[in-house]
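Residues per chain, in single letters:
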Amino acid sequence: MEEYIKAGKKLKGLRLILELKTNKLGVERTLEAATKSVEMVKNLKAEKITDYIAFSFEACQKIHELAPKANIQYLNGDKSPADVNAAGINGLDYHFRSSKRMQTGCRKPINWV
């Protein structure tokens, strides 16, 4: 991952997408990976060009806690847009079948500040 970030920093105008995988060993390991990932991005001074995506809501929350200004997108499709927004996560990217289930949650405008 370090090489990926270093290479990405050399390319002007490029945004890096860091997908945090959910660890099969449990939430604690996923949160540990989230912490280490954010630390690496910060140490390499790549915060302004890195977006985070994850299927773990807890991981997204941890990333937000460690990097409140980061662009974070939740991918799992089981939370309403209001829940995602309330957690400080500034985006979601759901499969179209998930979005059909969420249609009622999307009828009100959401301020994604």
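Please refer to the structure placed before this passage.
So, a few notes on the structure that sits alongside this text.

Quick notes on the rules
Residues numbered from 1 in each chain as written. Predicted model: local features only at pLDDT ≥ 70, side-chain atom pairs only at ≥ 80, totals over all residues. Heavy atoms only, no water. Pairing = 2+ DSSP bridges. Helix = DSSP H or I, 4+ residues; strand = E, 2+ residues; numbered from the N terminus. Contact = heavy atoms within 4.5 Å. Axes fitted to C-alpha atoms, helices over the stretch in contact; angles between N-to-C directions. Buried < 20%, exposed > 50% of the residue type's maximum accessible area, 1.4 Å probe, protein only. Arc of directions from axis to C-beta.

## What about the sheet that holds strand E1 (residues 16–20)?
Okay, so step 1: The strand order across the open sheet built from four strands is E1-E2-E3-E4, with neighbouring strands paired in parallel fashion. Each edge of the open sheet is held by one strand with a lone partner, namely E1 and strand E4 (91–92).
Okay, so step 2: Summarising the sheet, strand E3 (residues 71–74) and E4 pair through two bridges and their orientation is parallel. The residue of E4 that forms the bridge with Tyr74 is Leu92.
Okay, so step 3: Helix H3 (residues 57–66) rests against E1, strand E2 (50–54) and E3 of the sheet, and its axis sits at about 170 degrees to E3.

## Focus: the pairing of E2
Okay, so step 1: In terms of residue burial, E2 counts as a mostly covered element, since five of its five residues are buried.
Okay, so step 2: Burial along E2 is two-sided: the residues Thr50, Tyr52 and Ala54 and Asp51 and Ile53 are all buried.
Okay, so step 3: Relative to E2, E1 is paired through five bridges, and the arrangement is parallel. Bridged to Glu19 within E2 is Ile53.

## Focus on unusual backbone geometry
Okay, so step 1: With phi around 55 degrees, Lys45 is a residue other than glycine that occupies positive phi space.
Okay, so step 2: Here Lys45 is to be found in the loop between helix H2 (27–43) and E2.
Okay, so step 3: On the basis of relative accessible area, Lys45 is assigned to the exposed category, the value being 66%.

## What about H3?
Every α-helical turn comprises 3.6 residues, leaving residues that sit three or four positions apart pointing alike.
Okay, so step 1: Where H3 is concerned, the buried positions are Phe57, Ala59, Cys60 and Ile63. Along the axis of H3, the buried positions cluster into a sector of 160 degrees, meaning they face one direction only.
Okay, so step 2: On its buried face, H3 sits against E1, H2, E2, E3 and helix H4 (81–86).

Nothing here speaks to function; it is all geometry.
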